[in-house]
Amino acid sequence: MLTLTTDGAAGTVTGSRHLLTRGNQRILINCGLFQGFKYLRDLNRAPFPVEPGSIGAVVLTHAHLDHCGYLPKLVADGFRGPIYATPATREVAEIILRDSGHIQEKEAEYANRKGFTRHKPARPLYGVKKAERALQAFVVVDFHAPTTILGDAELIYRHAGHILGAATATISWAGRKIAFSGDLGRYGDEVMIDPEPVEEADHVVIESTYGNRRHDQTDPVKALAALISRAAARGGTIVIPSFAVGRAQSLLYYIAKLKQDGRFRNLPVFLDSPMAIDASELLCAHPDDHRMCADICRKTCAIATYVRDVEGSKAIIATPYPKIVISASGMATGGRVLHHIRAFAPDRRNLILFTGFQAAGTRGRSMVDGASEVKMFGEWVPVRAEIADLPMLSAHADADELLRWLGGFSAPPKRVIIVHGEPDAAEALRVKIGRELGG
Ligand SMILES: [Zn+2]
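These numbers were taken from a predicted model, which means no experiment stands behind them.

Participant: Please set out the environment of leucine 65 residue by residue, giving values where relevant.
Facilitator: Summarising the element assignment, leucine 65 is placed in helix H2 (residues 65–68). Linking leucine 65 and leucine 33, residues 32 residues apart in sequence, is a C-alpha distance of 6.2 Å. Not counting residues up to four positions away in its chain, the partners in contact with leucine 65 are Gly32, Leu33, Gln35, Ile96, Ser100 and Tyr126.

Participant: Now, about the pairing of strand E10 (residues 176–180): what can you tell me, with residues and values included?
Facilitator: The pairing of strand E9 (residues 167–173) with E10 spans five bridges and is classified as antiparallel. Residue threonine 170 lies in a different strand from E10, and its bridge partner there is alanine 179. Here E9 hands over to E10 after two residues, with alanine 174 in that stretch at a positive phi of 50°. Pairing analysis gives three bridges linking E10 to strand E11 (residues 203–207), with the strands arranged parallel.

Participant: Go over the coordination of the zinc ion, please, and point to the residues and values.
Facilitator: Protein coordination at the zinc ion comes from His62 (NE2), His64 (ND1), His162 (NE2) and Asp183 (OD), with a distance range of 2.2 to 2.3 Å. Coordination geometry of the zinc ion: the four donor atoms subtend angles of 92 to 160° at the metal centre, consistent with an arrangement described as irregular. Along the chain, the residues that donate to the zinc ion are spaced as H-x1-H-x97-H-x20-D. Separated by 119 residues along the polypeptide, histidine 64 in the loop between strand E4 (57–59) and H2 and aspartate 183 in the loop between E10 and E11 bring together distant segments of the chain. With respect to class, histidine 64 is no different from aspartate 183; both count as buried.

Participant: Tell me what's going on with the nonpolar core, and back it up with residues and numbers.
Facilitator: Counting 92 residues, the largest nonpolar core has Leu71, Leu74, Ile83, Leu224, Ile324, Ile326 and Trp405 as the members making the most contacts within it. In this structure, this core is formed jointly by two domains, domain 1 (2–213 + 396–436) and domain 2 (220–393), each of which donates at least three residues. Setting aside residues up to four positions removed in sequence, leucine 224 forms contacts with Leu251, Tyr254, Ile255, Leu258, Leu353, Leu390 and Leu393. By size, the runner-up hydrophobic cluster in this structure holds 22 residues, among which are Leu2, Ile178, Ile417 and Val419.

Participant: Can you explain the pattern of salt bridges? Please cite residues and give values.
Facilitator: A full pass over the atoms with the stated rule returns 21 salt bridges. When salt bridges that share partners are traced, they join Arg90, Glu94, Arg98 and Glu132 into one network.

Participant: Tell me about the packing of helix H10 (residues 310–318) against helix H11 (residues 337–344), and name the residues and values.
Facilitator: The geometry of H10 relative to H11 is characterised by a closest axis approach of 10 Å and an angle of 20° between their N-to-C directions. On the basis of the axis angle, H10 is roughly parallel to H11. Handedness of the crossing formed by H10 with H11: right-handed. Two secondary-structure elements touch here, H10 through Ser313, Ile316 and Ile317 and H11 through His339, His340, Ala343 and Phe344. For the contact of H10 with H11, a count of residues per class yields four nonpolar, three polar and no charged.

Participant: Break down the sheet that holds strand E15 (residues 324–327) for me, with residues and values.
Facilitator: Spatially, the six strands line up as an open sheet ordered E14-E13-E15-E12-E16-E19, and their pairing is parallel. Two strands bound the open sheet, and with one partner strand each, they are strand E14 (305–306) and strand E19 (386–389). Here strand E13 (residues 269–271) pairs with E15 via three bridges, running parallel. Paired with valine 269 across the bridge in E15 is isoleucine 324.

Participant: Describe the sheet that holds E11, with residues and values.
Facilitator: Read from one edge to the other, the open sheet built from six strands follows the order E7-E8-E9-E10-E11-E20, with strand pairing classed as mixed. In this open sheet, the two edge strands, each paired with only one partner strand, are strand E7 (147–149) and strand E20 (415–419). Averaged over all adjacent pairs, the angle separating strand axes in this sheet is 25°, with direction ignored. Those strands touched by helix H14 (residues 423–437) are E11 and E20, and its axis lies near 160° from that of E20.

Reading the values: rules and limits
- In this convention, every chain numbers its residues from 1, walking through the sequence in written order.
- In keeping with the model being predicted, local features are shown solely for residues with a pLDDT of at least 70 and side-chain atom pairs are shown and tallied solely at 80 or more, while totals for entire chains, interfaces and linings include all residues.
- Hydrogens and waters are ignored; side-chain quantities use all the structure's heavy atoms.
- The helix count covers DSSP runs of H or I at least four residues long, the strand count covers runs of E at least two residues long, and both are numbered beginning at the N terminus.
- Pairs of residues are marked as contacts when any of their non-hydrogen atoms sit within 4.5 Å.
- A pair of strands counts as paired when DSSP detects no fewer than two bridges linking them.
- A donor here means an N, O or S atom no more than 2.8 Å from the metal, or no more than 3.2 Å when the metal is Na, K or Ca. Since water is not included, a site may seem to lack partners.
- Geometry assignment treats four donors as tetrahedral when all angles are between 85 and 135 degrees, treats four as square planar and six as octahedral when opposite donors are over 155 degrees apart and all others between 65 and 115, and treats everything else as irregular.
- Think of it in three bands: with a 1.4 Å probe and only protein chains considered, a residue is buried below 20% of the maximum accessible area for its type, exposed above 50%, and partly exposed in between.
- Among the buried residues, those of types Ala, Val, Leu, Ile, Met, Phe, Trp, Tyr and Cys that are joined through side-chain atoms within 4.5 Å form a nonpolar core.
- Residue ranges for the domains trace back to a domain assignment, done automatically or taken from a database.
- Salt bridges are defined by distance alone: a side-chain nitrogen of Lys or Arg within 4 Å of a carboxyl oxygen of Asp or Glu.
- Convention adopted: a line fitted to C-alpha atoms gives each axis, helices being fitted over their contacting stretch, and angles between N-to-C directions are expressed from 0 to 180 degrees.
- Put simply, angles under 35 degrees are roughly parallel, angles over 145 are roughly antiparallel, angles from 65 to 115 are roughly perpendicular, and the rest are oblique.
- Definitions for this section: a left-handed crossing has its near helix turned counterclockwise from the far helix by less than a right angle. A right-handed crossing has that turn clockwise.
- Only Asp, Glu, Lys and Arg are considered charged in this grouping, and only Ala, Val, Leu, Ile, Met, Phe, Trp, Tyr, Cys and Pro are considered nonpolar; every other residue, Gly among them, is considered polar.

Below, the structure written as structure tokens:
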């Protein structure tokens, strides 16, 4: 008998972890970190629900931190099997996991130095060394290539759009076929390809990040241009917290398009994130995973000044003229963007522009919800800058797009299991599926 347990992502959009069990064999689908509220982040410190050594294989759908960020801890705690991923996901995971280890080491060190930790001493969940150990366990699987895992299960990856390398995973095991959507991207996105349909499955596990939303149909380039020109006219700086992989590159693409049309010629653009810089270079190396031709890819990547070192990052803050700064992390949960928010949020001329999903409990969500101050580095920072949100730039499918993907099955799946959404979003999607697909 095959059983499915979803650990992480029930009732939250982070910490995606689904476990398929048959007898004493286990396949873990995604192995994400929890982000957002402290009670969620504390779950990262809790023991894994099953003994990591008892899991035979991990199947990754893509390399965002909330889908792969717990892997180094899983390996450190005894997981010894292969971690399956598409070729680009393997490379993106290398960037993301190393960075995650590095950030955690830095944060623990900073908290200990400044003495604002309740845990004494503060310890990272894992550092760069453990991240590297997890990366050694990766086994690359091409899109559409049926692959035998754990002796008698079969895995097939199909394109999910979303970010470079992102896939849906269909696993056939013990006479059942289960399709895991992972995060699905948008249809008709200018940069990423459409989510590919899965023709058949007995069960579907679908993520519902935007299960209760319809993305604004406004042209993202126009919306972006209007916000940037307003802030630039005030003499303000535009800080764009961005997921380093995926959104950062789409933003560069849209800004490059505007500059090509003669807009914002004198407004310098800085990509202040070593991880986003590496990811931009990866994009040009995987032309089959997105819609940009080599020439556009090169031109897009060339519009920004790349800032790798901390000195360069500090220099951006010190320059007095208007500029666009794209920096990670996308929900302002960590990373260099915090230094930019601390520097630019107190001045009302500036604009902090969010472009992706903001999970409950993150600084990003509280700023979008109108917070007048946010806490970072142990101090409260006043927020007087304009705060804007362009969710249509999100890499996540909205409710209609989730339905469109579900409509791609030739026969309705026996069961659709909705995960990875905050409760309202999951419930809204459940109602919509019942009404429109009769399932
Ligand atoms: Zn994702």
